[in-house]
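Observations on the model geometry
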Amino acid sequence: MKKKLIAGNWKMNGGLAANESLIQALLSGLAAKAALCDIAVCVPAPYLAQLQSLLAGSALALGAQDVSAHEGGAYTGEVAAAMLKDFAVRYCLVGHSERRLYHGESDALVATKAQRALAAGITPIVCIGETLAEREAGKTEEVVKRQLAAVIQLNGHCVSEIVVAYEPVWAIGTGKTASPEQAQEVHAVLRAQLNAASAHAERIQILYGGSMNAANAQQLLGQPDIDGGLIGGAALKAADFLTIIAAAA
Ligand code: 13P
């Protein structure tokens, strides 16, 4: 069975002192346990150097929250995949719904970002998910398949190297979690789409994200096609994040 991946998305939260105490608490909480699942924290770019040093030699992998679709050059404010690699970044979120919504990121741009990450040896965590209006219009499957298809088409056989995160937009930061059955239903669709695209797709971890917390993680992670979680708010509290990790291990 493949390992589950529990990834924290800190979003635009943190500070030098807060990061250090959160990581110390996580590392001491993890010390007793073997790394039975993959664990990562996706942090704001200015803290990559700090986190690289805090996480060195630990079971926690470093992740970024975004990457430029360009290789380098005159793109003010952007961060290239090669720069992330300089700080031992292992994972990078691409296409988070907050970037699709607030920064107008299209499916094509997200696919290119995934390609840049892969080319630099970074695993893109490709985020997809429907809005409430799309769900209510019965378009969930169509939307998530379209979002994932863009990444599959551009990345060809490399697609087996990605991680997918299904994050229904209506469940993010709202306290409204998709029920385990609702999440599983979409994950099964994504699993079938990935399997049809690549002979090696079985290794792809499909995470659920959207108000996953210490209380509901076990049930969600118990679904056959849920291979981990992408955690926002609960990843900022060491005890909650550790409980979610324990549910995955
Ligand atoms: P919450 O866990 O805070 O709902 O956020 C989910 C998310 O967007 C993770 O990327």
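The coordinates are above.
So, a few notes on the structure that sits alongside this text. Model, not experiment: these values are computed from the prediction.

Here we come to the environment of His 70. Residue position: His 70 is located in the loop between strand E3 (60-64) and helix H3 (81-86). Overall, His 70 belongs to the partly exposed group, its relative accessible area being 31%. His 70 sits 104 residues away from Thr 174 along the chain, and the two C-alpha atoms are 33 Å apart. Sequence-distant contacts of His 70, defined by excluding residues within four places in its chain, comprise Tyr 75, Glu 78, Ala 80 and Arg 116.

Let's shift gears to helix H7 (residues 140-155). The end-to-end C-alpha separation of H7 is 23 Å, in line with the 22 Å expected for 16 residues at 1.5 Å each. Buried within H7 we find Thr 140, Val 143, Val 144, Gln 147, Leu 148, Ala 149, Ala 150, Val 151, Ile 152 and Asn 155. Check the buried side of H7 and you find it contacts helix H4 (97-102), helix H5 (107-119), strand E5 (123-128), helix H6 (132-136), strand E6 (163-166) and helix H8 (180-197). Note on H7: the residue one or two positions beyond its end, Gly 156, has a positive phi of about 50°.

With that settled, consider the pairing of E3. Among the five residues of E3, five are classified as buried, and the element is accordingly described as predominantly covered. The alternating pattern of E3 places Leu 60, Leu 62 and Ala 64 on one face and Ala 61 and Gly 63 on the opposite face, and all of these are buried. Across four bridges, strand E2 (residues 38-42) lies against E3 in parallel orientation. Across the sheet, Ile 39 pairs through a bridge with Leu 60, a residue of E3. You can see the chain leave E2, run along helix H2 (residues 48-55) and come back into E3, and the turn it takes is right-handed. Looking at chain direction, E3 and strand E4 (residues 91-94) are connected through two bridges and run parallel. Bridge assignment links Gly 63 to a residue of E4, and that residue is Tyr 91. Traced from E3 through H3 to E4, the parallel crossover comes out right-handed.

Attention now goes to the pattern of salt bridges. If the charged atoms of two oppositely charged side chains come close together, the side chains can form a pair. In this structure the tally under the stated criterion is 14 salt bridges. The salt bridge involving Arg 135 is made with Glu 130; its shortest N-O contact spans 2.7 Å. Residues joined by salt bridges that share partners form a network here, namely Asp 66, Arg 99, Glu 105 and Lys 113.

This brings us to the sheet that holds E2. Taking strand neighbours around the barrel as the criterion, the eight strands line up as E1-E2-E3-E4-E5-E6-E7-E8 in a closed arrangement whose pairing is parallel. Strand-to-strand twist in this sheet, taken as the mean axis angle between neighbours without regard to direction, amounts to 25°. Here E4 pairs with E5 via four bridges, running parallel. Its bridge partner being in E5, Val 94 is matched across the sheet by Val 126. The strands that H2 touches are E2 and E3; relative to E3, the one it contacts most, it runs at about 170°. Each of E5, E6 and strand E7 (206-209) is contacted by H8, which is oriented at about 150° to E7, the strand it contacts most.

Reading the values: rules and limits
- Residues numbered from 1 in each chain as written.
- Predicted model: local features only at pLDDT ≥ 70, side-chain atom pairs only at ≥ 80, totals over all residues.
- Heavy atoms only, no water.
- Helix = DSSP H or I, 4+ residues; strand = E, 2+ residues; numbered from the N terminus.
- Buried < 20%, exposed > 50% of the residue type's maximum accessible area, 1.4 Å probe, protein only.
- Contact = heavy atoms within 4.5 Å.
- Expected span 1.5 Å × (residues − 1).
- Pairing = 2+ DSSP bridges.
- Right-handed = clockwise from strand over helix to strand, strands pointing away.
- Salt bridge = Lys/Arg side-chain N within 4 Å of Asp/Glu carboxyl O.
- Axes fitted to C-alpha atoms, helices over the stretch in contact; angles between N-to-C directions.

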